[in-house]
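These are the residues of each chain, in order.
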Amino acid sequence: MADYDIQIGSFESLFSLEGKVAVVTGGSRGLGLSGAAGLLKAGCSKVYITSRKAKACEEACALLNKMDGLRPGAKAISVPADSSTVKGIEGLVAEVSKTTDHVDILFANAGATWGAPFEQHDDKAFSKVMDLNVKAVFFCAQKFQSLLTAKATKLNPSRVIATASVAGIGIGSTGANSTPAYSASKAAVAHLIRHLAVDLGPKHILCNAIAPGFFPTKMANGLMESLGGTESLEKGNPAGRLGTPADIAGTLVYLCGRGAGHVNGALVQIDGGKVWARSEL
């Protein structure tokens, strides 16, 4: 054991994102906004917030830029775009490129769901969910590739983090609020990120995904209420609670920092263990 090297360098730098540049799709609310807050708090110099609605992006940036403890000059920047289409993603890349020559972190978080009885699902609804939840992750990674590789190195790789879901691990909602498209899309994201990890790893881009369980957000609140509400869901969770903004922020910061510099192709569950303790989300 005398020859075992336990030197890890600066401990503080394991979880620091000092000076990094990030793009957060679906960053104007919910999990995306929580993640963006964590990125800024961890030291990012620029965090681009994008979603379809310009007003929502501006309001999110105003909220983020008021936070205490940001590095000098750090800021959230509003860049509205529709990331459900390749054209929209290309426009997003073009706008981001006007104010930075590189991107260190792409948090591909934008997503949609659709709940209805099995017989009522139609092509338009199914396609909308798959386009935003799966295709957008792929094409964001593809179109941002040149910015992600611009300053990336073997020991300082860029990151792509995608938002999957425990609904893609277990079975999502069924019955009157059946979500087969959402569940299928999130399972697809988890496997897509493994493919991207192998494709982009040699280019010094590490790709991982998070799989959140229930977090009180606008997208989840309706389903949560139909399943008994917050109190009931907390009682059924092995950890005794639901997710908080800090849970998303902390996991994202870890995956984007030096501490996760050899993590590639992983799917990190953030659900208190609930996916292993229930048969239905």
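The chain appears in an unreviewed UniProt entry as Gluconate 5-dehydrogenase from Carpinus fangiana. The Sequence similarities (unreviewed entry) field of the UniProt record for the chain holds the comment "Belongs to the short-chain dehydrogenases/reductases (SDR) family."

K.L.:
Mind showing me how you'd approach the sheet that holds strand β1 (residues 21-25) here?
P.N.:
Whenever strands of a sheet pair, they do so through backbone hydrogen bonds, lying parallel or antiparallel. As summarised here, the arrangement of the 7 strands in space is β3-β2-β1-β4-β5-β6-β7, forming an open sheet in which the pairing is parallel. Of all strands in the sheet, those with a lone pairing partner are β3 (75-78) and β7 (267-270), marking the two edges. Taking the axes of each pair of neighbouring strands and ignoring which way they run, one obtains an average angle of 20° across the sheet. Judged from the 4 bridges that link them, strand β6 (residues 205-212) and β7 form a sheet pairing that is parallel. Of the residues in β7, the one forming a bridge with isoleucine 210 is valine 268.

K.L.:
Please clarify how the packing of helix α1 (residues 30-41) against helix α9 (residues 245-256) should be interpreted in this entry.
P.N.:
Relative placement of two packed helices is described by the angle separating their axes and the distance separating the axes. At a closest axis distance of 8 Å, the pairing of α1 and α9 adopts a crossing angle of 55°. By the angle between their directions, the pair α1 and α9 is classed as oblique. For the element pair α1 and α9, the recorded crossing hand is right-handed. Within the contact between the two elements, α1 uses Leu31, Ser34, Gly35, Gly38 and Leu39 and α9 uses Pro245, Ile248, Ala249, Leu252, Val253 and Cys256. Split by residue class, the contact of α1 with α9 holds 8 nonpolar, 3 polar and no charged.

K.L.:
Hey, could you run me through the nonpolar core in this one?
P.N.:
Generally speaking, soluble globular proteins have nonpolar side chains that are buried together. One finds Val96, Val103, Phe144 and Cys207 to be the most contacted residues of the largest nonpolar core, which totals 36 residues. When contributions to this core are tallied by element, the ones reaching two or more residues are β1, α3 (86-97), β4 (105-108), α4 (123-143), α5 (145-149), β5 (158-163), α6 (180-200) and β6. Excluding anything up to four places from it in sequence, cysteine 207 contacts Val160, Ile193, Leu196, Ala197, Leu200, Asn264, Gly265 and Ala266. Of all hydrophobic cores here, the second largest spans 30 residues; its members include Val24, Leu64, Ala74 and Phe215.

Analysis parameters
Residues numbered from 1 in each chain as written. Predicted model: local features only at pLDDT ≥ 70, side-chain atom pairs only at ≥ 80, totals over all residues. Heavy atoms only, no water. UniProt positions renumbered as here; feature names shortened; annotations may be inferred. Pairing = 2+ DSSP bridges. Helix = DSSP H or I, 4+ residues; strand = E, 2+ residues; numbered from the N terminus. Axes fitted to C-alpha atoms, helices over the stretch in contact; angles between N-to-C directions. Parallel < 35°, antiparallel > 145°, perpendicular 65-115°, else oblique. Left-handed = near helix turned anticlockwise from the far one by under 90°. Contact = heavy atoms within 4.5 Å. Nonpolar A, V, L, I, M, F, W, Y, C, P; charged D, E, K, R; others polar. Core = buried A, V, L, I, M, F, W, Y, C linked by side-chain atoms within 4.5 Å. Buried < 20%, exposed > 50% of the residue type's maximum accessible area, 1.4 Å probe, protein only.

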